[in-house]
Amino acid sequence: MASVRAAGILSRFSSTTRYSLFTGYTCRNFTVYSAMLARTHVSYEVNGDVAVVRFNSPNSKVNTLSRELQSEFTQVMSEVWANGAVKSAVLISSKPGCFIAGADINMIEACSTAAEVTSLSQEGQRMLQKIEQSPIPIVAAINGSCLGGGLEVAIACQYRVATKNKKTVLGTPEVMLGLLPGAGGTQRLPKMVGIPSAFDMTLTGRNIRADKAKKMGLVDQLVDPLGPGLKGPEERTMEYLEEVAVECAKGIANKKISLKKEKGLMQRLTDYVMGIPFVRKQIYNTVQTKVMKQTKGLYPAPLKIIEVVQTGIEQGSDAGYLAESQKFGELAMTRESKALIGLYHGQVACKKNKFGTPQKEVQRLAILGAGLMGAGIAQVSVDKGLHTILKDTTEEGLSRGQQQIYKGLNDKTKKRSITSFERDSIFSNLTGQLDYSGFNKADMVIEAVFEDIHIKHKVIQEVEAVIPPHCVFATNTSALPIKDIASVSKRPDKVIGMHYFSPVDKMQLLEIITTDKTSKDTTASAVAVGLKQGKVIIVVGDGPGFYTTRCLAPMLAEAVRALQEGVDPKKLDALTTGFGFPVGAATLADEVGIDVAAHVAEDLGKAFGSRFGGGNVEVLKTMVAKGFKGRKSGKGCYIYQEGTKNKNVNPGVEEILQKFKIPVNPDVAKDSDVQYRLVSRFVNEAVMCLQEGILTNPVEGDIGAVFGLGFPPCLGGPFRFVDSYGADKLVEKMRKYEHVYGNQFTPCQLLVDHAKDASKKFHK
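Rules used throughout
- Residues numbered from 1 in each chain as written.
- Predicted model: local features only at pLDDT ≥ 70, side-chain atom pairs only at ≥ 80, totals over all residues.
- Heavy atoms only, no water.
- Buried < 20%, exposed > 50% of the residue type's maximum accessible area, 1.4 Å probe, protein only.
- Helix = DSSP H or I, 4+ residues; strand = E, 2+ residues; numbered from the N terminus.
- Pairing = 2+ DSSP bridges.
- Contact = heavy atoms within 4.5 Å.
- Axes fitted to C-alpha atoms, helices over the stretch in contact; angles between N-to-C directions.
- pLDDT = per-residue confidence, 0-100.
- Expected span 1.5 Å × (residues − 1).
- Disulfide = S-S within 2.5 Å.

A. Focus on the pairing of strand β9 (residues 159-163). In terms of burial, β9 is largely enclosed, as five of its five residues are buried. Side chains Tyr159, Val161 and Thr163 of β9 all project onto a buried face; the interleaved residues Arg160 and Ala162 project onto the opposite face, where all are buried too. Note that β9 and strand β12 (residues 221-223) share three bridges and pair parallel. The residue of β12 that forms the bridge with Thr163 is Val223.

This is how it looks when you write it as structure tokens:
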């Protein structure tokens with residue numbers, strides 16, 4: 001989260017009261033200032049000659065640097081520094097799982113100009129410069145998330161102690177909101193961890209675990225978490241962390257702990273090399289080239305981060321801090337930052353169960369089909385402690401599915417995310433079988449069998465004969481209407497769609513589909529399971545293709561038409577990634593599966609008629625007939641070979657496209673036209689889904705498109721794109737394409753309404 005803090009010295013209170021607190025087995029005297037009675041976010045106590053400052057945002061699972069917390073933190077530190085009896089201080093959280101998670105984004109969004117945001121940044125910089133230049137040593141005691149502004153607070157301190165705990169992570173995720181660290185982070189990190197590591201942290205936003213942070217020099221001392229005793233493990237760990245931090249603070253104040261770090265030979269050599277201007281210039285150029293390759297220049301924040309870090313190193317701290325605050329303000333006003341922040345808020349909203357608590361918690365899950373999807377669903381389920389049955393019809397299929405799950409867990413072991421013991425313990429939650437034994441105790445069944453309505457009907461009838469009355473039946477279909485699947489069910493109120501995306505363990509989205517007969521409790525159960533699996537969830541109405549497949553299908557139909565018009569697959573990929581899609585259209589077709597794309601194109605073509613036309617579906621069918629089914633078969637639009645990332649266009653596909661070649665209209669064939677033909681069909685279908693009630697709100701539409709289909713995050717989703725680009729401009733383009741191609745580009749009524757009235761916005 002972006003990091004900004006308000007400073008400003010407020011009047012301090014001088015009256016004090018003595019208290020004696022009995023904690024555990026030790027009795028300690030400390031002083032509490034009466035002013036803290038009026039504070040709700042920050043409190044402090046004086047333990048001997050050490051001030052222990054506690055962060056605790058009320059009514060929240062995490063601490064955020066809101067205006068209130070910043071103001072109280074400023075007051076507290078002013079009082080601490082004014083107290084001559086205090087020789088050192090410790091900053092710690094009262095929340096076991098969070099030090100400080102970052103800034104309050106609403107504070108940034110409340111600003112209407114870049115200058116206002118720059119001012120926030122400068123206030124934060126001034127406050128943390130006071131921490132950095134503190135007359136007494138300050139120790140940050142870190143347990144849980146220490147991100148964004150939280151990390152900037154920590155690195156301004158003279159010493160950092162962190163728990164060696166999985167929940168303890170440090171990082172600068174501001175770049176994921178289109179921002180940069182705004183309270184000195186871009187200036188302090190290079191000095192603390194070196195230029196390459198600072199760039200890695202600020203440009204990727206990745207979380208760093210405590211043990212790695214110690215090796216990098218981001219943390220000075222590690223504390224092992226404690227197990228249960230008279231108190232719970234979290235409480236004991238927090239008390240132990242505080243004791244260690246207090247002793248460190250005393251040691252630094254008494255000169256028993258030196259803040260001067262002895263540098264090894266490699267560090268001294270690195271420092272020497274980094275002192276050479278030519279070497280630094282090469283690093284800046286290399287990093288910039290890599291960023292441009294990955295972002296296509298569509299995200300301004302990474303480039304500004306490079307610029308600001310470089311300014312600080314080459315022109316000095318004053319210039320660096322000024323550049324940081326100014327660029328922070330500029331970035332906050334960009335379309336890209338507003339889009340990414342909108343996605344962040346949407347993610348938070350889609351990680352809540354608005355349907356309430358289900359009557360019966362799902363503890364036992366059964367999955368039908370051990371293929372790629374079924375095994376993936378099983379993996380994300382056992383990983384979260386759900387007892388899961390995986391059923392298949394053959395020993396070979398079941399074995400392949402179990403191996404896939406074990407490999408996924410073993411990969412985590414190799415990355416040291418989990419231990420081998422944890423891997424085996426998680427895997428023990430899985431039961432593989434060929435029959436329906438144990439289904440009588442299942443709370444939910446998810447079928448992931450072949451996309452054929454007759455097979456699904458057979459499965460639902462077999463399952464309903466063995467499951468208990470409360471059991472939910474969920475179908476992992478990508479396009480078949482749920483009401484059609486539920487038509488043979490004896491209990492349609494218990495039938496729901498749960499559309500996962502492949503690969504299930506990597507893709508965050510889960511699209512839940514309800515019919516007019518699905519009960520609220522069934523929906524609540526499905527959402528609860530999805531949240532337990534770690535998914536971001538949208539709940540949509542029933543219909544052919546639901547929301548995500550319905551948006552993707554017309555775009556892929558247009559991609560096939562572009563290929564028929566002579567656009568090379570690599571050129572088509574370059575045009576779509578150049579617009580911001582993480583995967584090119586031709587590659588996406590290969591990833592989805594050409595056979596699946598053909599099947600969906602036919603089904604949706606029947607449901608929606610000529611409006612879903614575009615390229616000739618016979619192109620896809622001919623590819624399937626020749627075995628070109630995409631990546632899974634080794635050949636699709638491209639040829640795939642093990643061990644190499646480079647892929648060449650499949651000559652067999654070039655022959656097929658030559659056979660189905662169609663004339664090009666030069667009025668709609670420019671590169672930008674091809675891009676907007678693809679995007680406008682996607683966006684128009686998304687808006688029509690809202691118009692028809694498939695979607696209940698634009699937020700879920702944006703989340704579904706970005707997290708399920710790869711719609712450009714920098715645009716914030718189809719609805720935010722319409723708001724920022726302009727519905728009138730989009731409709732104008734679509735009318736131009738409509739003139740050439742017909743009703744496939746006819747804008748829906750809701751889009752036309754927004755085009756006619758500029759005051760209408762999907763996001764207020």
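B. Representation of the sheet that holds strand β11 (residues 208-209) in the model. Pairing is mixed in the open sheet, where four strands are placed in the order β6-β8-β10-β11. Two strands close off the open sheet at either side, each with one partner strand: β6 (98-100) and β11. Sitting on the sheet, helix α4 (residues 149-156) is in contact with β6, β8 (145-147) and β10 (169-171), with an inclination near 85 degrees to β8.

C. Looking closely at the confidence of the model for the chain. Scored by pLDDT, the chain has a mean of 91; 95% of the residues are at 70 or more. Predicted confidence for residues 1-36 stays below pLDDT 50, and this span has 108 contacts to residues more than four positions away or in other chains.

D. Seen up close, helix α19 (residues 520-532). Compared with an ideal rise of 1.5 Å per residue, which puts 13 residues at 18 Å, α19 spans 18 Å between its outermost C-alpha atoms and is within 8% of the ideal. Among the residues of α19, those classed as buried are Asp521, Thr522, Thr523, Ala524, Ser525, Ala526, Val527, Val529 and Gly530.

E. Region of interest: helix α15 (residues 395-414). Its 20 residues give α15 an end-to-end C-alpha distance of 28 Å, which sits within 8% of 28 Å, the value for a rise of 1.5 Å per residue. Of all the residues in α15, the buried ones are Gly397, Leu398, Gly401, Ile405, Gly408, Leu409, Asn410 and Thr413. Packing partners of the buried residues in α15 comprise α14 (372-382), β14 (387-391), α16 (420-427) and β15 (430-433). Taken from the residues just after α15, Arg416 is the one with a positive phi, measuring 65 degrees.

F. Structural view of the state of the cysteines. As enumerated under the stated definition, the model contains zero disulfides in all. Looking at Cys350, it has no disulfide partner, and the nearest cysteine sulfur is the one in Cys551, 15 Å off.

G. Expanded view of unusual backbone geometry. Backbone torsion omega between Ser502 and Pro503 reads -5 degrees, so that peptide bond is classified as cis. In this model, Asn59 sits at a positive phi of 55 degrees, which is unusual for a non-glycine residue. Position of Asn59 among the secondary structure elements: in the loop between β4 (50-55) and α1 (67-82). Of note in this structure, Lys296 is not a glycine but carries a positive phi near 55 degrees. Along the chain, Lys296 turns up in the loop between α10 (277-295) and α11 (300-315). In this structure Lys296 comes out as partly exposed when scored by relative accessible area, which is 42%.

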